[in-house]
Amino acid sequence: MDAPKAGYAFEYLIETLNDSSHKKFFDISKLGGTKYDVLPYSIRVLLEAAVRNCDGFLMKKEDVMNILDWKTKQSNVEVPFFPARVLLQDFTGIPAMVDFAAMREAVKTLGGDPKKVHPACPTDLTVDHSLQIDFSKCAIQNAPNPGGGDLQKAGKLSPLKVQPKKLPCRGQTACRGSCDSGELGRNSGTFSSQIENTPILCPFHLQPVPEPETVLKNQEVEFGRNRERLQFFKWSSRVFKNVAVIPPGTGMAHQVNLEYLSRVVFEEKDLLFPDSVVGTDSHITMVNGLGILGWGVGGIETEAVMLGLPVSLTLPEVVGCELTGSSNPFVTSIDVVLGITKHLRQVGVAGKFVEFFGSGVSQLSIVDRTTIANMCPEYGAILSFFPVDNVTLKHLEHTGFSKAKLESMETYLKAVKLFRNDQNSSGKPEYSQVIQINLNSIVPSVSGPKRPQDRVAVTDMKSDFQACLNEKVGFKGFQIAAEKQKDIVSIHYEGSEYKLSHGSVVIAAVISCTNNCNPSVMLAAGLLAKKAVEAGLRVKPYIRTSLSPGSGMVTHYLSSSGVLPYLSKLGFEIVGYGCSTCVGNTAPLSEAVLNAVKQGDLVTCGILSGNKNFEGRLCDCVRANYLASPPLVVAYAIAGTVNIDFQTEPLGTDPTGKNIYLHDIWPSREEVHRVEEEHVILSMFKALKDKIEMGNKRWNSLEAPDSVLFPWDLKSTYIRCPSFFDKLTKEPVALQAIENAHVLLYLGDSVTTDHISPAGSIARNSAAAKYLTNRGLTPREFNSYGARRGNDAVMTRGTFANIKLFNKFIGKPAPKTIHFPSGQTLDVFEAAELYQKEGIPLIILAGKKYGSGNSRDWAAKGPYLLGVKAVLAESYEKIHKDHLIGIGIAPLQFLPGENADSLGLSGRETFSLTFPEELSPGITLNIQTSTGKVFSVIASFEDDVEITLYKHGGLLNFVARKFS
C-alpha cells in the first residue's frame, strides 16, 4: 500500500496563513480561477481533501480535476474522498472493531503482520447505545432486567453513594437544607440532577446535589450487563492507534461529536484543513450544521476509511435551498425541521447534497441548523450543509474555542473562500437546482403515526387520527370498525380508576436523540412543564414517561434554569444518558395497561421527541407513534391523548375547575431565548469536556487485556470472532454463478433495516433466544440485538426476526418463511440453516426502497451469513445497497416498470444467474427460473470500485488481502 507523498502534485498551492504564523494550508481558491468561485461550499471541501491527499495512487490528479469541473461532471463520475476522522457508536462500532480484531487474526494466518492493522485516521468510539431504562419514576421499585448475564458473574460493582429515599426536599433533591416548597414539595418522584463531574445546584437552596438515584441505578446495571463489550472496547483503545473511547454515561455519538469532538478546522503538523467526518450512525450529518462535511456510512466502509482508504462516491448534485422569512413564535425548531423535511422529500433530493443559503439562514442558530442537518437521512439527501459564518464563530466562542483558534480559523476559511457571507455579491455558488422555502409558511406539526415523513399539523391532529382509525391497514391506517372507535376500557392503577380509549398516550419520551441538543426546544418543554405544574396540571401515572438527554450539558441547563424539578413533577425524570426508547429499550408498560389494550384492541399511542417512529419500534402493543417537539411531548402527555384539538379543547382544569388550554401555558419565543442566553453558556461545554477527559470510576477501574491479538473467550455470548474470513485466500476466486437458488423471503415495499436486523429486545421464542438459552442464559439475561452485535451467531439468528416483517409467503406479519423442499413453515434462520445444509443458494425478492431507515451493516452481514447470494428489488436505499456490495451480496434491480408481480413470479420458483467475466457498472443480466421464464435485471453496481469489491467477496476480504 506504499504510495507517493500525499499532496505532492499540488505543493505549489501551499501558502503560509500570515507573515507571523508557521501555519500552512493548500490555497485551493487559486485552482481553476472562476471555476472554483462558483462551486458550492460543500464541493469546495471535497476539492480541498482531494488536493491535500492527491498521491497519484488512491487519489489521482484526474479525480481533483473532476471535482473542480463539478458543474459538468456532477452525477457522471466517481470520486474518492478522504474524511479527516471517523466516528463510531457502540451498536455499530462493536462489529467494526470486532472485524478489525478478526482481521488481525486473518492477516496473521495469511502470513502478514497483524500489528499493521489499525486505524490510519483519528477514530472516536462513543458507548452510547447500551443504555436501557431499567429504572424510571414508574419502575424505580421494580427489579431491573440484568440482561446479558454478566451482572452476577462480574462480581460486586464498585459502590457509588446514593442518597436515601427520604430527602429533606421531599424526594426532589439531596439538598440538606430544610424545605417547605409548597406544591413542588409534594412531589413523590426523585429529582433528576446532573451526572458525575458536572455539579449543579438545588434550585431551592443553591447547594450542590449528587447524581439522581435513577441515573446511578441504570448506569450500574449498564456496566454489569455490558461488561464484556466494555472490556473489548477498552482493549481496542489500547492496541489500535488513533482510537479513543468515550465511556458510557457521557452522551450519544452525534451530540458528543457536535459538542466536543468537532474541530471545524483541523490543525495537523502546522497544516490547516477543513474538518470532515464519516461514521457508523446516520445522524453524523448533524455536524453539517457547524460547517463540517459529514455523513453516515456502514461499518464496512468506515473500516476502509480507518485503514487509510477513501470513501468512494458519485460526484453529487448539490441542491441549493434558499431560506427566506422567519418563523412565527409558536413554531419550534422541530417544526422547521419537519417542514423542510416534507418539502425536500416532495422535491426529491435522494442521493444529493443539500446546501442552505439565503437571509433565513442567518436567523437560525447553530442548534437550529444542526437539528435541520440531522434530519437529512429522512428526506434522502446524503447531507445538508450550512457553511461556516459569523453565527458559527459566535457559537464556537461560547463553546470554549480560544480567541487565537477562532482568529486563525476565520482567516483560513476566508482565504480559501469557505466562509459564508450574505453581503458578498460576487462569486456566489451555483447549484444543480435551487428551491425556496419561506419560513413563514411553516406551522407546528407532528409526524406519524407510523412513518417520520407523514407530517400532521397540530391543528389537524384530531381529525387526522380519526381518519387513521377509519383507513385500511397501511402506512397510516388501522381499520378500526366505526362502532368500536368510541370504545373505552377502564383500568385500575395505583388505587385510582382511569379510562383508556383509541388515541390514549401510554408512552411519552423526551429521548436521547439528536433533537434534544437544541436548547430552545428543551427549555420550552421545561418552561411549559413549569407553567403546567403551577396551574395544577398533572400527567396520569400509568403513562411511561422518561427523559434521556443526549449529554450532561442538557441536564445542566435544564437544572440551572430551574425547570428540571417541574419536568420531574410531571414524570419526566432523567433515566440515563444514551439511546433508550428510540431503539426499543423502553421499560415495559404496566400489566393494567397491557391488558386494557388487548381487551379493547385499542390503538394506543407513543409520543416522542425523536426522529424514528416505525411501527412496533417503541413497543409491540403501541400501534401509533408520533414524533413531536419536546414541549408537545409534554403537552400530549398532560392531555393523555392525541385525539384532541388544542385550539378548542382544554388540557385539563386547575384546582378551581377553570379550563387550562395549551396557549395558556405555552412559553413565548422571547421567554425561551432569554432563558437560553442565561443558561446555555461556556461552563456547560466545559463540564462535558472535563467529564470526557476524566472518564468515570467504573470505566477507569475496568480491567482489559493489551495483547496484539484479542483473546477470544469461546464461552462468550457477546464477543465472537466472526466467520467472514474463514475461507479467505490470498487471491480472489472467479465469480461463481448462482444456480437454482430458492427465494428465502418475498417482501414488499419499504422494508427497513429494522425489519432486516432489529436492534431491540430479543423475543423469548426467537432463534436467537434458543441459542442463548442453550448457553445457559435466562430471558432476563438476553439483553438486546444491538448490544450483541459483536456475536455473529446471535445476529445471524436475529436477521429478519422482526415481528412486523411481512413475508408474502406467510400472508401476515411474522418472522417466518417457508422451506420449499420440505414445505415447512419455520423461523427464517431455521429455514436458511436447512437450505445451507442442502447446499442451496438463496435470494430475496423485494419491492421499492429495500433497506430504508438507519444505516446498519448487520442488515447486510446477517443475510450473507444466512446464505443469501443476491437481492432482487425494485429500488434500494443507497447506504444499504453499498452494504450489500461490501459484504459480497449482489444487488440486482428489476428493469424500470417491472417487478415480481408484473413478471408473474410467485417466489416459489428457483432462480439461476451467470456473471460474465468482465462486469461493468449497470450491466444487464439474464435470470432463468425453473418454470422456464427468462427475464432481465440490472446489476446495480455504480462504479469499478464496487465491482472490484464484489469480486473480492466484499470489502473486508479486499482490505485483509492488502495486508497479507
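Residues numbered from 1 in each chain as written. Predicted model: local features only at pLDDT ≥ 70, side-chain atom pairs only at ≥ 80, totals over all residues. Heavy atoms only, no water.

Going by what an unreviewed UniProt entry lists, the chain is known as Iron-responsive element-binding protein 2 and is assigned to Colobus angolensis palliatus. What UniProt states about the chain under its Sequence similarities (unreviewed entry) heading is, verbatim, "Belongs to the aconitase/IPM isomerase family." Per its UniProt entry, the chain bears the Cofactor (unreviewed entry) comment "[4Fe-4S] cluster". (UniProt positions renumbered as here; feature names shortened; annotations may be inferred.)

Draft legend 1. Main features of the overall build of the chain. Broken down by element type, the chain carries 33 helices and 36 strands. Expressed as a percentage of the 964 residues in the chain, the buried residues total 63%. Taking the contacts inside the chain whose residues are at least 6 apart along the sequence as the reference set, 75% of them involve residues at least 24 apart. As displayed, the chain has an accessible area near 34800 Å², and 49% of this comes from carbon and sulfur atoms. (Helix = DSSP H or I, 4+ residues; strand = E, 2+ residues; numbered from the N terminus. Buried < 20%, exposed > 50% of the residue type's maximum accessible area, 1.4 Å probe, protein only. Contact = heavy atoms within 4.5 Å. Areas by Shrake-Rupley, 256 points an atom, 1.4 Å probe, with all protein chains shown as cover.)

Draft legend 2. View of the pairing of strand β11 (residues 276–279). Residues Ser276 and Val278 line one face of β11 and the alternating positions Val277 and Gly279 line the opposite face, and both faces are buried. Strand direction decides the pairing type here: strand β4 (residues 85–89) and β11, joined by three bridges, are parallel. By the bridge assignment, Arg85 is partnered in β11 with Val277. Pairing of β11 with strand β12 (residues 293–296), which is carried by four bridges, proceeds in the parallel orientation. (Pairing = 2+ DSSP bridges.)

Draft legend 3. Structural context of the pattern of salt bridges. For the structure shown, the criterion picks out 30 salt bridges. Glu48 serves as the salt-bridge partner of Arg52, at 2.9 Å between the closest nitrogen and oxygen. Here Arg52 pairs with Glu48, and both are found in helix α2 (residues 41–52), just four residues apart, close to one helical turn. Each member of the pair, Arg52 as well as Glu48, is classed as buried. Counted as one network, the salt bridges with shared partners bring together Lys770, Lys816, Asp827 and Glu830. (Salt bridge = Lys/Arg side-chain N within 4 Å of Asp/Glu carboxyl O.)

Draft legend 4. Local environment of the sheet that holds strand β32 (residues 868–873). As summarised here, the arrangement of the seven strands in space is β28-β31-β32-β33-β36-β35-β34, forming a closed barrel in which the pairing is mixed. If you compare each strand with its neighbour and ignore which way they point, the axes differ by 40° on average. Here strand β28 (residues 738–746) pairs with strand β34 (residues 911–913) via two bridges, running antiparallel. Bridging from a neighbouring strand, Ile738 pairs with Leu913 of β34. (Axes fitted to C-alpha atoms, helices over the stretch in contact; angles between N-to-C directions.)

Draft legend 5. Structural view of the nonpolar core. Within the largest apolar cluster, 189 residues are counted, with the highest numbers of intra-cluster contacts made by Phe232, Trp295, Phe353, Phe800, Tyr850 and Leu892. With residues up to four places along the chain from it excluded, the contact list for Tyr850 reads Leu747, Val751, Ile756, Phe800, Ile844, Val871, Ala873, Ser875, Tyr876, Glu877 and His880. Counting residues in hydrophobic clusters, the runner-up holds 78 residues, among them Val489, Leu500, Leu602 and Val642. (Core = buried A, V, L, I, M, F, W, Y, C linked by side-chain atoms within 4.5 Å.)

Draft legend 6. Geometry of the pairing of strand β5 (residues 123–126). Here β5 shows a buried face lined by Thr123 and Leu125 and a second buried face lined by Asp124 and Thr126. Note that β4 and β5 share four bridges and pair parallel. Within β5, the position partnered with Leu88 by the bridge is Leu125. In terms of handedness, the path from β4 via helix α5 (residues 90–109) over to β5 forms a crossover that is right-handed. Here four bridges tie β5 to strand β8 (residues 243–246), and the two strands are oriented parallel to one another. Bridge pairing in β8 places Asp124 opposite Ala244. (Right-handed = clockwise from strand over helix to strand, strands pointing away.)

Draft legend 7. Region of the structure containing the packing of aromatic side chains. Inspection of the entire model under this criterion finds 24 aromatic pairs. Their ring planes at 45° and their centres at 4.7 Å tell us that Tyr636 and Phe646 sit as a pair that is tilted. One end of the pair, Tyr636, is in helix α21 (residues 630–639); the other, Phe646, is in the loop between α21 and β26 (652–653), and ten residues separate them in sequence. Residue Tyr636 shares its accessibility class with Phe646, and that shared class is buried. Between the NZ or CZ atom of Arg52 and the centre of the ring of Phe273, over which it lies, the distance is 3.8 Å. Sitting over the ring of Trp858, Lys861 keeps its end group 5.6 Å from the ring centre. (Phe/Tyr/Trp six-rings, centres within 6.5 Å; stacked < 30°, edge-to-face > 60°. Lys NZ or Arg CZ within 6 Å of the ring centre and 35° of its normal.)

Draft legend 8. View of the sheet that holds strand β16 (residues 383–385). The strand order β16-β15-β14-β17 describes an open sheet built from four strands, whose pairing is parallel. One side of each edge strand has no neighbouring strand; the edge strands of this open sheet are β16 and β17 (433–438). The sheet shows a mean angle of 25° between the axes of neighbouring strands, taken without regard to direction. Set on the sheet, α2 makes contact with β14 (318–324), β15 (353–357) and β16; between it and β15 the angle comes to about 125°.

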